[in-house]
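Chains, contacts and geometry: an overview
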Amino acid sequence: MIINNLLKDKKSVASIGRLLWDKDLVGGLNGNISVRVDDDSFLLTGRGTCLGFLQEEDVVLLGLDGTLIEGKEASNEKQLHFDIFRNFPEVKAIIHTHTTCTNAFFFNNNVFRPTTFEAEYVLGEVHAVDQTTMNVKDTAPVIARLRENRIVALRRHGVVSVGEELFECFLKIQTLEEQLRMEAF
(Lines give C-alpha, C1' and ligand atoms only; values in the text may rest on other atoms or scores of the structure.)
Protein backbone atom coordinates (compact mmCIF):
# COMPACT_ATOMS: atom_id res chain seq x y z
CA MET A 1 0.00 0.00 0.00
CA ILE A 2 2.77 2.47 0.93
CA ILE A 3 4.63 1.70 -2.32
CA ASN A 4 1.45 2.33 -4.36
CA ASN A 5 0.92 5.67 -2.58
CA LEU A 6 4.55 6.68 -3.19
CA LEU A 7 4.23 5.91 -6.89
CA LYS A 8 0.95 7.84 -7.05
CA ASP A 9 2.51 10.81 -5.24
CA LYS A 10 5.59 10.74 -7.51
CA LYS A 11 3.31 10.79 -10.54
CA SER A 12 1.41 13.75 -9.05
CA VAL A 13 4.68 15.64 -8.55
CA ALA A 14 5.67 14.94 -12.17
CA SER A 15 2.23 15.98 -13.41
CA ILE A 16 2.33 19.31 -11.55
CA GLY A 17 5.88 19.87 -12.81
CA ARG A 18 4.64 19.50 -16.40
CA LEU A 19 1.71 21.83 -15.70
CA LEU A 20 4.02 24.50 -14.24
CA TRP A 21 6.23 24.13 -17.33
CA ASP A 22 3.31 24.25 -19.77
CA LYS A 23 1.97 27.41 -18.11
CA ASP A 24 5.42 29.05 -18.30
CA LEU A 25 5.72 29.24 -14.51
CA VAL A 26 9.10 27.48 -14.49
CA GLY A 27 11.99 27.31 -16.91
CA GLY A 28 15.29 25.50 -17.18
CA LEU A 29 16.19 23.68 -13.99
CA ASN A 30 14.52 26.07 -11.57
CA GLY A 31 11.89 25.31 -8.97
CA ASN A 32 11.09 22.35 -6.78
CA ILE A 33 8.05 20.46 -5.55
CA SER A 34 7.42 18.40 -2.43
CA VAL A 35 4.63 16.29 -0.97
CA ARG A 36 4.31 15.03 2.61
CA VAL A 37 4.11 11.22 2.62
CA ASP A 38 3.45 10.77 6.34
CA ASP A 39 4.51 12.25 9.69
CA ASP A 40 8.11 11.21 9.12
CA SER A 41 8.86 11.63 5.40
CA PHE A 42 8.24 13.58 2.23
CA LEU A 43 8.95 13.46 -1.48
CA LEU A 44 11.03 16.21 -3.10
CA THR A 45 12.23 16.80 -6.63
CA GLY A 46 15.87 15.92 -7.12
CA ARG A 47 18.79 18.23 -7.73
CA GLY A 48 19.28 19.33 -11.32
CA THR A 49 15.89 18.21 -12.59
CA CYS A 50 13.69 20.02 -15.08
CA LEU A 51 10.15 20.21 -13.69
CA GLY A 52 8.67 20.04 -17.20
CA PHE A 53 10.24 16.66 -17.88
CA LEU A 54 10.18 14.96 -14.48
CA GLN A 55 10.19 11.20 -14.25
CA GLU A 56 9.25 9.27 -11.11
CA GLU A 57 12.93 8.48 -10.51
CA ASP A 58 13.66 12.24 -10.35
CA VAL A 59 11.65 12.46 -7.11
CA VAL A 60 13.48 11.46 -3.92
CA LEU A 61 12.12 10.30 -0.57
CA LEU A 62 13.50 12.09 2.50
CA GLY A 63 12.97 11.70 6.21
CA LEU A 64 11.96 14.74 8.23
CA ASP A 65 15.17 14.12 10.17
CA GLY A 66 17.15 14.94 7.01
CA THR A 67 18.03 11.45 5.87
CA LEU A 68 17.83 10.34 2.26
CA ILE A 69 15.58 7.27 2.24
CA GLU A 70 15.28 6.61 -1.49
CA GLY A 71 16.59 8.15 -4.68
CA LYS A 72 19.54 10.18 -5.82
CA GLU A 73 20.33 13.69 -4.61
CA ALA A 74 17.65 16.04 -3.27
CA SER A 75 17.06 19.61 -4.41
CA ASN A 76 19.35 22.29 -3.00
CA GLU A 77 16.23 23.75 -1.37
CA LYS A 78 15.63 20.71 0.83
CA GLN A 79 16.18 22.75 4.03
CA LEU A 80 13.34 25.08 3.04
CA HIS A 81 11.00 22.13 2.52
CA PHE A 82 12.16 20.42 5.77
CA ASP A 83 11.52 23.52 7.81
CA ILE A 84 8.11 24.20 6.30
CA PHE A 85 6.93 20.63 6.90
CA ARG A 86 8.32 20.68 10.46
CA ASN A 87 6.61 23.99 11.31
CA PHE A 88 3.29 23.26 9.60
CA PRO A 89 2.08 19.70 10.22
CA GLU A 90 -1.11 20.49 8.28
CA VAL A 91 0.84 21.33 5.09
CA LYS A 92 0.87 18.44 2.65
CA ALA A 93 2.35 20.14 -0.43
CA ILE A 94 4.91 22.82 -1.32
CA ILE A 95 5.81 24.41 -4.65
CA HIS A 96 8.72 26.80 -5.07
CA THR A 97 9.19 28.51 -8.45
CA HIS A 98 11.21 31.35 -9.93
CA THR A 99 8.32 32.98 -11.79
CA THR A 100 9.31 35.89 -14.02
CA CYS A 101 6.68 38.55 -13.25
CA THR A 102 6.69 37.74 -9.55
CA ASN A 103 10.45 38.21 -9.41
CA ALA A 104 10.25 41.44 -11.38
CA PHE A 105 7.50 42.91 -9.20
CA PHE A 106 9.17 42.10 -5.90
CA PHE A 107 12.54 43.60 -6.91
CA ASN A 108 11.13 46.97 -5.86
CA ASN A 109 7.99 46.14 -3.88
CA ASN A 110 7.35 44.61 -0.47
CA VAL A 111 3.69 43.72 -0.82
CA PHE A 112 1.21 42.91 -3.56
CA ARG A 113 -2.45 43.75 -3.09
CA PRO A 114 -4.62 41.97 -5.68
CA THR A 115 -6.77 44.03 -8.02
CA THR A 116 -9.42 41.43 -8.89
CA PHE A 117 -11.95 39.84 -6.56
CA GLU A 118 -10.85 36.29 -7.40
CA ALA A 119 -7.19 37.03 -6.73
CA GLU A 120 -8.06 38.79 -3.50
CA TYR A 121 -9.94 35.66 -2.42
CA VAL A 122 -7.23 33.20 -3.59
CA LEU A 123 -4.17 35.18 -2.51
CA GLY A 124 -4.87 37.94 -0.05
CA GLU A 125 -1.92 40.29 0.36
CA VAL A 126 1.34 38.68 -0.70
CA HIS A 127 4.45 39.88 1.12
CA ALA A 128 8.10 39.54 0.20
CA VAL A 129 10.96 38.44 2.39
CA ASP A 130 14.54 39.37 1.59
CA GLN A 131 16.60 36.63 0.03
CA THR A 132 20.37 37.15 -0.02
CA THR A 133 21.66 33.77 -1.20
CA MET A 134 21.00 31.59 -4.23
CA ASN A 135 19.41 28.94 -2.01
CA VAL A 136 17.29 29.75 1.03
CA LYS A 137 19.64 29.50 4.01
CA ASP A 138 17.62 31.43 6.59
CA THR A 139 14.13 29.96 6.52
CA ALA A 140 12.83 31.86 9.57
CA PRO A 141 11.47 34.87 7.61
CA VAL A 142 9.72 32.52 5.16
CA ILE A 143 8.18 30.53 8.01
CA ALA A 144 7.02 33.76 9.70
CA ARG A 145 5.29 35.00 6.52
CA LEU A 146 3.71 31.59 5.88
CA ARG A 147 2.02 31.88 9.28
CA GLU A 148 0.12 34.86 7.83
CA ASN A 149 -0.45 33.68 4.25
CA ARG A 150 0.11 30.41 2.40
CA ILE A 151 2.13 32.13 -0.34
CA VAL A 152 5.23 34.29 0.07
CA ALA A 153 7.61 35.97 -2.36
CA LEU A 154 11.36 35.55 -1.95
CA ARG A 155 12.95 38.77 -3.21
CA ARG A 156 15.38 38.11 -6.08
CA HIS A 157 14.51 34.42 -5.97
CA GLY A 158 10.87 33.46 -6.55
CA VAL A 159 7.82 32.36 -4.66
CA VAL A 160 6.79 29.60 -2.22
CA SER A 161 3.24 28.28 -2.02
CA VAL A 162 2.04 25.73 0.54
CA GLY A 163 -1.23 23.89 0.98
CA GLU A 164 -3.11 20.67 1.39
CA GLU A 165 -2.53 19.55 -2.19
CA LEU A 166 -0.24 20.39 -5.08
CA PHE A 167 -2.97 21.79 -7.33
CA GLU A 168 -3.92 24.31 -4.64
CA CYS A 169 -0.29 25.50 -4.53
CA PHE A 170 -0.17 25.67 -8.32
CA LEU A 171 -3.34 27.79 -8.48
CA LYS A 172 -1.91 30.34 -6.05
CA ILE A 173 1.31 30.68 -8.03
CA GLN A 174 -0.57 30.93 -11.32
CA THR A 175 -3.00 33.52 -9.93
CA LEU A 176 -0.15 35.64 -8.56
CA GLU A 177 1.74 35.52 -11.85
CA GLU A 178 -1.41 36.43 -13.85
CA GLN A 179 -2.13 39.36 -11.54
CA LEU A 180 1.42 40.65 -11.86
CA ARG A 181 1.21 40.41 -15.65
CA MET A 182 -1.87 42.63 -15.42
CA GLU A 183 0.13 45.14 -13.35
CA ALA A 184 2.39 45.66 -16.36
CA PHE A 185 -0.45 47.26 -18.34
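Right above here is the structure, for reference.
Just so we're clear, the structure is a prediction, and the values are computed from it rather than from any experiment.

1. With respect to the pairing of strand 3 (residues 59-63)
- A large share of strand 3 lies buried, amounting to 5 of its 5 residues.
- Neither face of strand 3 is open: one carries Val59, Leu61 and Gly63, the other Val60 and Leu62, and all of them are buried.
- The sheet contact formed by strand 3 and strand 4 (residues 68-70) spans 2 bridges and is antiparallel. Residue pairing for strand 4: Leu62 is matched across the bridge by Leu68.
- What sits between strand 3 and strand 4 in their antiparallel hairpin is a turn of 4 residues, with Gly66 showing a positive phi close to 100°.

2. With respect to the side chain of Gln179
- Secondary-structure assignment places Gln179 in helix 6 (residues 166-183).
- Those residues in contact with Gln179 that sit more than four places away from it in its chain are Phe112, Pro114, Thr115, Thr116 and Ala119.

3. Focus: helix 3 (residues 100-108)
- For helix 3, the complete set of buried residues consists of Thr102, Asn103, Phe105 and Phe106. In an axial view of helix 3, the angular spread of the buried residues amounts to 170°, which keeps them on one side of the axis. Those residues of helix 3 that are exposed and angled more than 90 degrees off the buried face are Thr100 and Asn108.
- Contact partners of the buried residues in helix 3: strand 6 (111-112), strand 7 (126-129), strand 8 (151-154), strand 9 (158-163) and helix 6.

4. Notes on the side chain of Thr139
- Take Thr139: it is sitting in the loop between strand 7 and helix 5 (140-146).
- Those residues in contact with Thr139 that sit more than four places away from it in its chain are Gln79, Leu80 and Asp83.

5. What to know about the pattern of salt bridges
- With the rule as written, the count across this model stands at 8 salt bridges.
- With a closest N to O distance of 2.6 Å, Arg47 and Glu73 form a salt bridge. Of this pair, Arg47 sits in the loop between strand 2 (41-45) and strand 3 while Glu73 sits in the loop between strand 4 and helix 2 (78-87), and the two are 26 residues apart along the sequence.
- Put simply, Arg113 and Glu125 hold a salt bridge, and the shortest N to O gap is 3.0 Å. Here Glu125 lies in the loop between helix 4 (117-123) and strand 7 and Arg113 lies in the loop between strand 6 and helix 4, a separation of 12 residues in the sequence.

6. So, the nonpolar core
- Judged by nonpolar contacts, the single largest core of 32 residues is most densely connected at Leu20, Ile33, Ile95, Phe106, Leu166 and Leu176.
- Looking at this core, the element that brings in the most residues is helix 6, giving 6 residues.
- Residues contacting Leu176, with those up to four places away along its chain left out, are Thr102, Phe112, Leu123, Val126, Ile151 and Val159.
- Membership of the second largest hydrophobic core comes to 22 residues, among which are Leu64, Ile84, Phe85 and Phe88.

7. Structural notes on unusual backbone geometry
- The residue Asp24 is not glycine, and still its phi comes out positive at about 60°.
- Topologically, Asp24 is positioned in the loop between helix 1 (2-22) and strand 1 (32-38).
- Notably, Arg156 is not glycine yet its phi reads approximately 65°, a positive angle.
- With respect to the helices and strands, the residue Arg156 is situated in the loop between strand 8 and strand 9.

How each quantity is defined
Residues numbered from 1 in each chain as written. Predicted model: local features only at pLDDT ≥ 70, side-chain atom pairs only at ≥ 80, totals over all residues. Heavy atoms only, no water. Buried < 20%, exposed > 50% of the residue type's maximum accessible area, 1.4 Å probe, protein only. Helix = DSSP H or I, 4+ residues; strand = E, 2+ residues; numbered from the N terminus. Pairing = 2+ DSSP bridges. Contact = heavy atoms within 4.5 Å. Arc of directions from axis to C-beta. Salt bridge = Lys/Arg side-chain N within 4 Å of Asp/Glu carboxyl O. Core = buried A, V, L, I, M, F, W, Y, C linked by side-chain atoms within 4.5 Å.

Just geometry here; none of it tells us what the structure is for.
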